[in-house]
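# Coordinates in review
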Amino acid sequence: MPTELAGAGRGMTAKIIDGKAIAADLRGKVADVVHRLHRDRGIIPGLAVVLVGNNPASASYVGSKVRMTASSGMRSFDHRLPETTSEVELLTLISRLNADPTVHGILVQLPLPRQIDVQKVIMAIDPGKDVDGFHPLNAGRLSAGFPALVPCTPLGCVYLAKTVQPSLEGLEAVVIGRSNIVGKPLAQLLLAENATVTLAHSRTRDLPAVARRADVLIAAVGQAEMVRRDWVKPGAIVLDVGINRVTGPGGKPHIVGDVAFAEVAEVADAITPVPGGVGPMTIACLLANAVRAACGLAGLPAPAL
Ligand code: NAP
């Protein structure tokens with residue numbers, strides 16, 4: 001549950017949705033399911049993470065994913081390939097991982113170097129092992145309302161929103177950003193929760209007015225502090241997916257979201273901070289997806305997570 005925003009500034013009323021704590025709780029649930037799968041079925045879920053090149057942000061994400069996979073009791077397979085890896089080499093590795101029965105989930109960290117066609121790579125992953133949920137089969141299953149592996153960040157957003165408001169039914173949800181990774185699958189998930197969903201983007205007319213309609217407002221844009229106080233309906237739940245590196249007054253680099261946190265916290269009912277909000281949930285949901293994939297491949301029902 002969110003905690004009161006303590007001492008964060010005069011006039012602030014919003015509760016902080018503590019993504020770190022909620023993610024830790026979800027990772028604990030995942031570890032329990034992993035333990036039971038091993039004990040009762042002899043299955044140890046295995047997650048393979050593939051990193052091509054030396055992008056420092058990607059290397060840091062992959063490091064966290066590998067560490068948390070192992071600490072949840074799963075097998076972690078860490079594949080680091082050089083920047084010069086060819087498309088054929090990567091596709092060969094993916095087909096090996098597809099065929100490996102100890103690997104239940106495959107994640108290829110994006111972005112990829114230029115010589116590799118991202119779409120071909122996404123299409124090459126066995127949809128049953130597609131823990132990122134980017135394969136068109138999973139995207140199609142999600143939009144048709146069938147069971148699917150669903151992208152991790154949108155899963156995390158809905159999970160966080162439901163810690164504040166367990167039923168999203170009938171609420172106005174506005175998602176700003178329509179990427180295949182965040183905005184579109186998030187809109188589908190919110191629709192499945194019976195929210196009334198608006199998917200806004202760079203061509204949306206009068207975006208502040210559209211945003212002000214939202215009971216649940218989610219920004220997944222990549223524009224530092226774009227969502228201002230007067231974009232937010234008093235009492236709304238605000239989730240901030242954005243990760244933007246900016247330079248502070250002292251020339252010190254730091255990370256901010258797509259929402260102007262301090263001023264929006266004066267009107268929102270609940271808000272996720274950046275960092276410590278949506279970000280930690282993405283990895284926790286990845287681990288949950290790896291367990292779902294392992295159950296799916298073994299013909300077992302999806303675990304309640
Ligand atoms: P993306 O693929 O670049 O998509 C950005 C979306 O925002 C597009 O749909 C774009 O509209 C829209 N947009 C851009 N400028 C806009 C504006 N001025 N007004 C309204 N809409 C605008 O980005 P993404 O991959 O979805 O990521 C979005 C942000 O979330 C980034 O900061 C990224 O780093 C962060 N992120 C965080 C996590 C996490 O775990 N916390 C995970 C994934 C992404 P058009 O479609 O019209 O161009």
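See the structure shown above.
This report concerns the structure included in the present document. (Residues numbered from 1 in each chain as written. Predicted model: local features only at pLDDT ≥ 70, side-chain atom pairs only at ≥ 80, totals over all residues. Heavy atoms only, no water.)

## Comments concerning the site of the ligand
Near the ligand lie 21 residues; those nearest to it are Arg178, Ser179, Ser202, Ile243 and Thr282. Take Ile243: an N or O atom from its main chain is 3.0 Å from an oxygen atom of the ligand. For the ligand, the accessible surface in isolation is 920 Å², of which the surrounding protein chains cover 68%. Take the shell around the ligand: its biggest share by element is three residues, from helix 10 (residues 278-297). When grouped by side-chain class, the residues that make up the shell around the ligand number nine nonpolar, eleven polar and one charged. (Near = heavy atom within 4 Å. Polar contact = N/O pair within 3.5 Å; in protein donor to acceptor, adjacent residues only side chain to side chain. Areas by Shrake-Rupley, 256 points an atom, 1.4 Å probe, with all protein chains shown as cover. Helix = DSSP H or I, 4+ residues; strand = E, 2+ residues; numbered from the N terminus. Nonpolar A, V, L, I, M, F, W, Y, C, P; charged D, E, K, R; others polar.)

## A few points about the sheet that holds strand 3 (residues 46-52)
Pairing is parallel across the open sheet formed by three strands, whose spatial order is 4-3-5. Of all the strands in the sheet, just strand 4 (75-81) and strand 5 (105-108) have a single pairing partner and so form its edges. For this sheet, the mean angle separating the axes of adjacent strands, direction not counted, is 15°. Pairing of strand 3 with strand 4 involves seven bridges; the strand directions are parallel. Residue pairing in the sheet places Gly46 in a bridge with Arg75 of strand 4. Against the sheet, helix 2 (residues 56-71) contacts strand 3, strand 4 and strand 5, and its axis sits at roughly 160° relative to strand 4. (Pairing = 2+ DSSP bridges. Axes fitted to C-alpha atoms, helices over the stretch in contact; angles between N-to-C directions. Contact = heavy atoms within 4.5 Å.)

## Observations concerning helix 10
In a regular helix each residue adds 1.5 Å, so 20 residues correspond to 28 Å; helix 10 covers 28 Å between its end C-alpha atoms and thus fits that length. Within helix 10, 14 of the 20 residues are buried, which leaves the element mostly enclosed by the surrounding structure. Trailing helix 10 by a residue or two, Gly299 shows a phi angle of about 75°, which is positive. (Expected span 1.5 Å × (residues − 1). Buried < 20%, exposed > 50% of the residue type's maximum accessible area, 1.4 Å probe, protein only.)

## As for the pairing of strand 5
Of the two faces of strand 5, the one carrying Gly105 and Leu107 and the one carrying Ile106 and Val108 are both buried. Two strands pair when backbone bridges link them, and strand 3 and strand 5 are joined in this way by four bridges, in the parallel orientation. When the bridges of strand 5 are listed, Ala48 appears paired with Ile106.

## A closer look at the pairing of strand 11 (residues 253-256)
As paired elements, strand 10 (residues 244-247) and strand 11 share four bridges and run antiparallel to each other. The residue bridging Arg245 from the neighbouring strand is Ile255, located in strand 11.

## Re the side chain of Thr153
With respect to the helices and strands, the residue Thr153 is situated in helix 6 (residues 152-164). Assessed through its relative accessible area of 13%, Thr153 is described here as buried. Those residues within four positions of Thr153 in sequence are excluded, and the remaining contacts are Val182, Val241, Val278 and Thr282.

## Structural notes on the packing of helix 6 against helix 7 (residues 183-192)
For the pair helix 6 and helix 7, the least separation of the axes is 8 Å and the interaxial angle reads 40°. Comparing their axes, helix 7 and helix 6 come out oblique. Between helix 6 and helix 7 lies a crossing whose hand is right-handed. Listed contacts from helix 7 to Pro154, Leu155, Cys157 and Val158 of helix 6 are Pro185, Leu186, Leu189 and Leu190. Of the residues contributing to the contact of helix 6 with helix 7, the split by class is eight nonpolar, no polar and no charged. (Parallel < 35°, antiparallel > 145°, perpendicular 65-115°, else oblique. Left-handed = near helix turned anticlockwise from the far one by under 90°.)

## Concerning a nonpolar patch on the surface
A cluster of nonpolar residues, Tyr61, Ile243 and Ile255, forms a patch on the protein surface that exposes about 240 Å² of accessible area. With respect to the helices and strands, the residue Ile243 is situated in the loop between strand 9 (237-240) and strand 10. Overall, Ile243 belongs to the partly exposed group, its relative accessible area being 45%. (Patch = residues over 30% accessible without salt bridge, like charges linked within 9 Å, V, L, I, M, F, W, Y side chains within 5 Å. Salt bridge = Lys/Arg side-chain N within 4 Å of Asp/Glu carboxyl O.)

## Some points on the nonpolar core
Counting residues in each nonpolar core, the largest one holds 55 residues, and the members touching the most others are Ile17, Val30, Leu190, Ile218, Leu239 and Val291. For this core, the element with the highest residue contribution is helix 10, accounting for eleven residues. The residues touching Ile218, leaving out its near neighbours within four places in the chain, are Cys157, Val174, Val175, Ile176, Leu186, Leu190, Leu239 and Val241. Counting 23 residues, the second-largest nonpolar core is a separate cluster that includes Val174, Leu207, Ala211 and Ala265. (Core = buried A, V, L, I, M, F, W, Y, C linked by side-chain atoms within 4.5 Å.)

## What to know about the environment of Val227
In this structure, Val227 sits in the loop between strand 8 (216-219) and strand 9. C-alpha of Val227 to C-alpha of Arg75: the two residues are 152 residues apart in sequence and 40 Å apart in space. What Val227 contacts, discounting residues up to four positions off in sequence, is Ile176, Leu217, Ala219, Val232, Asp258, Val259, Ala260 and Val264.

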